[in-house]
Amino acid sequence: MSDIIDHLAGVSPGSPLDVLRRRRPDAREHAQRAYEALFVPRDALHEGGVSEVGLEEVTQAERHAVAAFVADLHGHEKTTALHAEGLDPDLAKLVAVQAAAGRAQGPYGRYRDPELAHESVEGPRFGAEGIDGRLAAALEHAHLLVFRPREAAPEDLERLREAGWSVTGIVTLSQLVAFLSFQIRVVTALEALA
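Here we look at helix α7 (residues 133-147)
- Counted at 1.5 Å a residue, the expected span for α7 with its 15 residues is 21 Å, and the 21 Å between its end C-alpha atoms agrees.
- Within α7, 11 of the 15 residues are buried, leaving the element largely enclosed by the surrounding structure.
- The complete set of buried residues in α7 reads L135, A136, A137, A138, L139, H141, A142, H143, L144, V146 and F147.
- Contacts made by the buried residues of α7 are with α4 (60-73), α6 (89-102), α8 (154-162) and α9 (167-193).

Next comes the structure, spelled out in structure tokens:
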């Protein structure tokens, strides 16, 4: 596919949304390159494409599992389905069960700054169950970043390290969650404009 955001939003060549997106060619290209770096295996990229980020640290299955989980938490069915297709059917079902258990409204969390403490909102905490320790830690980290980002702390990174994630792997996971949150918001906005 030539552009993941166009694909997910149903943007067709020459349509008003395509014209709108062509006004920001750098933003369009960088978003596509970020997607390719995070999800497209290096050998599947065209000449001159970007290489995978953290290839040795986060497997394709882990990438798609976390992506399907994050997209499902956001309630974006097309993105969830896209990444679930990259998974073994049993793993896809397990990830869907985890996402259903982790759905919330958010964002939640406590502000550390005393002047903002009155704006703190308590909410559910997610703990993955019935899933491998390494992937469970990744899903818990993704849930934290989606719903409780202001509470992210060094202890959370240490839990990932204890589950077998390297520093590069943790950075890759965090980039993946951030990218999906951005991508889903852009796609949702384009769908609304359509």
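Still more ground to cover, so stick around.
Some thoughts on the pattern of salt bridges
- Within this structure, the stated rule accounts for 16 salt bridges.
- With a closest N to O distance of 4.0 Å, R28 and D3 form a salt bridge. Of the two residues, R28 is situated in helix α3 (residues 25-39) and D3 in the segment before α1 (4-9); the sequence distance between them amounts to 25 residues. Of the two residues, R28 and D3, both sit in the buried class.
- The partner of E29 in a salt bridge is R33, and the shortest N-O contact between them spans 3.6 Å. In this pair, E29 and R33 are both assigned in helix α3, 4 residues apart and thus about one turn of the helix distant.
- Accessibility expressed as a relative area gives 40% for E29, which makes it partly exposed.
- Under the relative-accessibility criterion, R33 is labelled partly exposed at 29%.
- Counted as one network, the salt bridges with shared partners bring together D3, D6, D18, R21, R22 and R28.

What about the confidence of the model for the protein chain?
- Mean pLDDT over the protein chain: 89, with 92% of residues reaching 70 or higher.
- In this model residues 45-51 is a low-confidence stretch, pLDDT under 50, and it forms 10 contacts with partners more than four residues away in sequence or in other chains.

Concerning the nonpolar core
- Ranked by internal contacts, the top residues of the largest apolar core, which has 46 residues, are F39, V66, F69, V70 and W165.
- Those elements that place two or more of their residues in this core are α1, α3, α4, α6, α7 and α9.
- Excluding residues that lie within four positions of it along the chain, F69 makes contacts with V95, Q98, A99, F126, L139, A142 and H143.

Comments concerning the packing of aromatic side chains
- A full pass over the atoms with the stated rule returns 3 aromatic pairs.
- Look at F69 and F126: their rings are 5.4 Å apart centre to centre, the planes differ by 45 degrees, and that puts the pair in the tilted class. With F69 in helix α4 and F126 in the loop between α6 and α7, the pair connects residues that are 57 residues apart, well separated along the chain. No difference in accessibility class separates F69 from F126, as the two residues are buried.
- Judged by centre distance (6.2 Å) and plane angle (50 degrees), the ring pair of F179 and F182 falls under tilted. With F179 and F182 both in helix α9 and 3 residues apart, this pair spans about one turn of that helix.
- The exposure class assigned to F179 is buried, which follows from its relative accessible area of 7%.
- Sitting over the face of the ring of W165, R134 holds its NZ or CZ atom 3.6 Å from the ring centroid.
- Here the guanidinium or amino end of R150 rests over the ring plane of Y111, the centre of that ring lying 4.0 Å away.

Digging into the packing of α3 against α9
- Across the interface, α3 lies against α9 with an axial gap of 11 Å and an inter-helix angle of 140 degrees. For the element pair α3 / α9, the angle class is oblique. Along this stretch, α3 crosses α9, giving a crossing that reads as left-handed. The segment α3 lies against α9, with A31, A34, Y35, L38 and F39 engaging T172, Q175, L176, F179, L180, F182 and Q183.
- Across the contact of α3 with α9, the residue classes break down as 9 nonpolar, 3 polar and no charged.

Conventions we followed
- Residues numbered from 1 in each chain as written.
- Predicted model: local features only at pLDDT ≥ 70, side-chain atom pairs only at ≥ 80, totals over all residues.
- Heavy atoms only, no water.
- Helix = DSSP H or I, 4+ residues; strand = E, 2+ residues; numbered from the N terminus.
- Expected span 1.5 Å × (residues − 1).
- Buried < 20%, exposed > 50% of the residue type's maximum accessible area, 1.4 Å probe, protein only.
- Contact = heavy atoms within 4.5 Å.
- Salt bridge = Lys/Arg side-chain N within 4 Å of Asp/Glu carboxyl O.
- pLDDT = per-residue confidence, 0-100.
- Core = buried A, V, L, I, M, F, W, Y, C linked by side-chain atoms within 4.5 Å.
- Phe/Tyr/Trp six-rings, centres within 6.5 Å; stacked < 30°, edge-to-face > 60°.
- Lys NZ or Arg CZ within 6 Å of the ring centre and 35° of its normal.
- Axes fitted to C-alpha atoms, helices over the stretch in contact; angles between N-to-C directions.
- Parallel < 35°, antiparallel > 145°, perpendicular 65-115°, else oblique.
- Left-handed = near helix turned anticlockwise from the far one by under 90°.
- Nonpolar A, V, L, I, M, F, W, Y, C, P; charged D, E, K, R; others polar.

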